[in-house]
Each structure stands twice: as C-alpha cells, then as structure tokens.
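What the coordinates show
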Amino acid sequence: MPKRYEHPQTEVHVDVEGRTLRLTNLEKVLYPSTGTTKGEVLDYYVRVAPVLLPHLAGRPVTRIRWPHGVGSMSFFEKNTPGGTPSWVRTAEVPTTGSRRRRSGGSTGDGAPRADGDTLVFPIVDDLPTLVWMVNLAALELHVHQWTVDEDDEPVGADRLVIDLDPGEPAGLHECCQVALLAREALAERGYDALPVTSGSKGLHLYAPLPEPLPSSETSDLAKAIAEELQAAYPQQVTATMTKSRRRGKVFLDWSQNAGSKTTVAPYSLRGTPRPQVAAPIDWDEVAAGAEDPLGLEQLTPSQVMERVDDYGDLFAL
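Quick look at the structure, then. (Residues numbered from 1 in each chain as written. Predicted model: local features only at pLDDT ≥ 70, side-chain atom pairs only at ≥ 80, totals over all residues. Heavy atoms only, no water.)

1. Focus: the layout of surface pockets
Considering only enclosed or pocket space, the largest pocket measures out at about 460 Å³ in volume. Lining the largest pocket are 26 residues, and of these D163, H204, D253, Q256 and R270 lie nearest its centre. Listing elements by their share of the lining of the largest pocket, those giving two or more residues are β5 (61-65), β10 (138-143), β12 (154-166), β16 (250-253) and β17 (263-264). Element by element, the count of residues in the lining of the largest pocket is highest for β12, at four residues. Among the residues forming the lining of the largest pocket, the class breakdown is seven nonpolar, 10 polar and nine charged. (1 Å grid on protein atoms, 1.4 Å probe; cavity = no way out; pocket = protein on both sides within 12 Å on 5 of 7 lines; lining within 4 Å. Points joined across faces, edges and corners; volume = space filled by probe spheres on them. Helix = DSSP H or I, 4+ residues; strand = E, 2+ residues; numbered from the N terminus. Nonpolar A, V, L, I, M, F, W, Y, C, P; charged D, E, K, R; others polar.)

What follows is the structure in structure tokens.
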C-alpha cells in the first residue's frame, strides 16, 4: 500500500532523474470519500508513468487542478504557472482565448488558428515534469489530438477521438453498445479503434491515423460517423450537443477533434468523488459491458496498476 503521510505540512526534497523537486503537503486529502492523499496521488502517477508518458509526449497539456481536493473548487490551467522550473519544456501555441501575448506566427495543420493570440503550454516528456505538475494538485491531464515537433511547431492530428457521453438514465452499459457500432463505422473507413473508459461516466474511442491530418478533417470525419449512427439508431445515439436531447441516449461528441479542444489523457486520474482513471480496456471488455449492465465499471488507480502489471499498455498505438 502507498505510504500515508501523517504529519501536517509535509515538505520533502526528492531527486527525480537528476532533478531536485520540492514536494509539499503530501498528507493533504485530495479525495475525501476514500481519504486518498496527495502523496498517494503522486505515487500513482510515478508508478503509471512508464505507460502514461508516451501518450503525453509532444502534446500540450491542459491541467485541471484541485488545490483543496475534489470536494472543493477546481480550475483549468493552460499557460505554465509562475515559478515553472526553467527545465520544463514548453511550447508557445497560437490559440483562441489567450490574453497572454501577441504573435504573428502561423500554426501547423493541426493547431488552432487565431489572430495572433498565444498560450504557453507545458510539454510533459519526462518524469520530473510529471511529478512537478502533479505536485501542483493537477489531478486531470488533458491533451490535444495533435502534437508539436522538436522545434515546438504544431503538426497535424495523429489520431481521431470520439467521446461517448451518456445522458441519464443511460450509462456505461449503453455506451458500450454504441461503442461497438462506432467501432464498426470506423472499421468501414479503414480505421482501428482503441477503447478507453473515461474515468467519469462514459467511454472514449481513439483511432490512430496513418499520417497526420488537419484537425478540420478529423472533426469532419468524426462528425460524419456520429451523424450516420444518429440516423441509423435514433433511439440510442445523438450527435447533438444540446443536453435536453441527450436523455436516455449516448451523445457522440465529435467536437473534441477541433484544434482547440482537449480530451483527458489515457491513464489520467479524474476529479470524481472517488479516484477513477481514464483506463484503456480491450474490446472483449466492451462487449461484456454491452451485454451486461454490470459487465464493466470505471476503474480505480489500484485496478489500473494491476492491469498494467498483467497486460502492459493496452493503449499502445
């Protein structure tokens, strides 16, 4: 079991791959329902790092931070915060909604285009950066479907994502049923899909692309699939964002392929009442969930680590 830190205001200095990091408040409870502490959250991220880091590499990371735990206020953070270590890799990306700086640079095919506004994102390519970030109570790590190259220039999307979001009383069971339909629709277009539980209520499907594509093209493709399934299965599927039209159906959110949008990264924790993880699974598990309402559930950090030990990275693209 991870060590539980009992003394208030814990502060330690640790060496992480040659970087000295100051870790604070390791005893702070971030998940009150389970008593899970910041130290235990850090322990999970360190242990899962070998399979998590390859899926963060080269991707600007948006964080959701819960400084006082999931029962309190959270906030999104895109720009690197004050005090960011000089060794943290960053990428200045033109995007909408920034008040940070002005820049006349253009984007690559995959990046959002704006009138010169930029954000400076951290790029999490190594364990020290991951530990630094999680020490700031960043429980959720969200990434774009496009990457930046070695010069930190945005390039096209290397994968397509469809977020299956159930409208009550639909749940994970209904998401699994629709996921099988979406898998077939992707296969008909020559794409293999990988399923990931969202760690919240639904599922995410990822389809690796043979070569980078503009985000506009992947958005159009995902939207076409969502609308096709909505037309064929109107009682089960909706492609409409309007929440009032989602009740009892599974919303296929194709919009997360837009250059400015992000999706929670595989293996990231979620800010749910109890610790849950966006966890890669296999299609046999999806089929079991489609057949039995109790055949699949959202997974905890300990369950995910057991699966990584047994199966390795099920999300290896």
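2. Some words on the pairing of β5
Most of β5 sits out of view: five of its five residues are buried. Of the two faces of β5, the one holding V61, R63 and R65 and the one holding T62 and I64 are both buried throughout. In the sheet, β5 pairs with strand β6 (residues 75-77) via three bridges, with the strands oriented antiparallel. Opposite R65, over in β6, you have F75 as the bridge partner. (Buried < 20%, exposed > 50% of the residue type's maximum accessible area, 1.4 Å probe, protein only. Pairing = 2+ DSSP bridges.)

3. Considering unusual backbone geometry
A cis amide bond links E168 with the next residue in sequence, P169, at an omega value of 5 degrees. A positive phi angle, close to 65 degrees, is found at A137, a residue other than glycine. Even without a glycine there, the phi angle at D152 is positive, about 65 degrees. Relative to the elements of secondary structure, D152 occurs in the loop between β11 (146-148) and β12.

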